[in-house]
Each structure stands twice: as C-alpha cells, then as structure tokens.
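Here's the letter readout for the chains.
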Amino acid sequence: MLPTARAQSLERSLSLLKALLAAELETDRVSATEVPFEPGESVRDVRIVSPGALELSLLPTLATMLRARAPQWSLTIEPFERRSYETDLATGRVDFVLSVGGTTPIGQLVDADVLWEDEFVVLAGPRSVLHEGFDRISTELYLAQQHIYPLPWPTSQNYLDVELARAGRHRKIAFSVPS
C-alpha cells in the first residue's frame, strides 16, 4: 500500500496528534501509591471518537505507535456524531474526540485544541468553467456550480453548509454518494 496524496498532506497533522498521544503515554503519572505509570506494562482500552474520513489516515500511525509503546492496550474507534462529548470525556468513557469544523460544543469540564487546519479544495472536471486554472475562486462562482456531496453526515450538520446557511446561501447538490 502507498499513501494517497491526501494521506501525505495529513502527515504534519498526524505527527502533531502522534506527539500529543506520545506525551500522554510517556507522562510520568504518579498514583496514590507513588508508583510511576508505565504504559508498556499496563492494560487499557483507549477510546477515540472520530469522523470516518480520518480513520484511514489516523489509524495506521496510531496503531503502530500503540503497539510499540503500549502493546497491551487496545484501541476502540467510535463514530463521530455532532453532539457534546463533555460528559463522555469527563467521566473517562472516551479518551479523545476528533471533530471536524470546530462546531462541536465544548463545556467547562474538557479542554480542546486545534490539531490542524486544512485548506478548502475544489475538484473540477475538464468541462467545468473552474478547470481553467483558477488558483482561487469567488464564493459566487463556487455556489453557481453543481456539487457532488459525499455523505459523512447530513448537509444540515456539515461545517461548510452550516456556514453557508448562516449567510442565507446554499450549494446546488447534483447528487450524493455514500463516501
């Protein structure tokens, strides 16, 4: 297997996530009995909530790291839903929540960090007016086109479409596909 261009573009972001997880695994935590925490000797199930689109790029790196540093740990990925995960995080039911778009509500019991920011990319076929080599296009030109929409979640919960709706604008979705 070879990484796709998208996977390669996520390399920096994944290295940030890897560093964050590595710091969590390697932090010397002291329990009530003053015994240092050793991830390689402990048994644990790490639960991560993640949008499906991140799984292909995230899981191979994360699984490799866990096998090397905490071989007795298991990893459970739960599907991401647009809701608050404050109670799940505060109670330890889940360890991390990866959210796309920054619209997931965050409460007082949990912290949030931006792991990476991405560029908005438009793909256009050779018969499209957008195919003529634009480096940037206007919102009006973008909205005038017909769109293909992959369905990781409904357009009412998609960050782009929510922001467009707030401005009273909408895309012309010609057809939707499951992924």
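This one's a predicted model, so the numbers in the text were calculated from it and none came from an experiment.

### Some details on the overall build of the protein
Move 1: Within the protein, the secondary structure is distributed over six helices and five strands.
Move 2: Put simply, the protein runs from its N terminus to its C terminus through helices and strands in the order α-α-β-α-β-α-β-α-β-α-β.
Move 3: Looking at the protein as a whole, 24% of its 179 residues qualify as buried.
Move 4: Taking the intrachain contacts of the protein between residues at least 6 apart in sequence as the baseline, contacts between residues at least 24 apart amount to 63%.
Move 5: As presented, the protein carries roughly 12500 Å² of accessible surface, and 55% of it is formed by carbon and sulfur atoms.

### Examining the sheet that holds strand β2 (residues 74-79)
Move 1: Pairing is parallel across the open sheet formed by three strands, whose spatial order is β2-β1-β3. Here the strands that pair on one side only, and so sit at the sheet edges, are β2 and β3 (96-97).
Move 2: Of the strand pairs in this sheet, strand β1 (residues 45-50) and β3 are connected by two bridges, and their pairing is parallel. Counterpart to Ile48 in the pairing with β3 is Phe96.

### Quick word on the packing of aromatic side chains
Move 1: Inspection of the entire model under this criterion finds one aromatic pair.
Move 2: Over the ring of Trp73 we find Arg44, and its NZ or CZ is 5.6 Å from the ring centre.

### Brief notes about the environment of Ser42
Move 1: Along the chain, Ser42 turns up in the loop between α2 (11-26) and β1.
Move 2: Judged by relative accessible area, Ser42 falls into the buried class, the value being 16%.
Move 3: A C-alpha to C-alpha distance of 6.6 Å links Ser42 and Gln72, two positions 30 residues apart in sequence.
Move 4: Residue contacts for Ser42: discarding those within four places in its chain leaves Phe37, Gln72 and Trp73.
Move 5: Among the polar contacts listed, one links the side chain of Ser42 to the side chain of Trp73, at a separation of 2.8 Å.

### Notes on the pairing of β2
Move 1: Alignment of β1 against β2, held across six bridges, turns out to be parallel. Looking across to β2, one finds that Val46 is bridged to Leu75.
Move 2: In the classification by handedness, the crossover that spans β1, the intervening helix α3 (residues 52-69) and the parallel β2 is right-handed.

Rules behind the numbers
- Residues numbered from 1 in each chain as written.
- Predicted model: local features only at pLDDT ≥ 70, side-chain atom pairs only at ≥ 80, totals over all residues.
- Heavy atoms only, no water.
- Helix = DSSP H or I, 4+ residues; strand = E, 2+ residues; numbered from the N terminus.
- Buried < 20%, exposed > 50% of the residue type's maximum accessible area, 1.4 Å probe, protein only.
- Contact = heavy atoms within 4.5 Å.
- Areas by Shrake-Rupley, 256 points an atom, 1.4 Å probe, with all protein chains shown as cover.
- Pairing = 2+ DSSP bridges.
- Phe/Tyr/Trp six-rings, centres within 6.5 Å; stacked < 30°, edge-to-face > 60°.
- Lys NZ or Arg CZ within 6 Å of the ring centre and 35° of its normal.
- Polar contact = N/O pair within 3.5 Å; in protein donor to acceptor, adjacent residues only side chain to side chain.
- Right-handed = clockwise from strand over helix to strand, strands pointing away.

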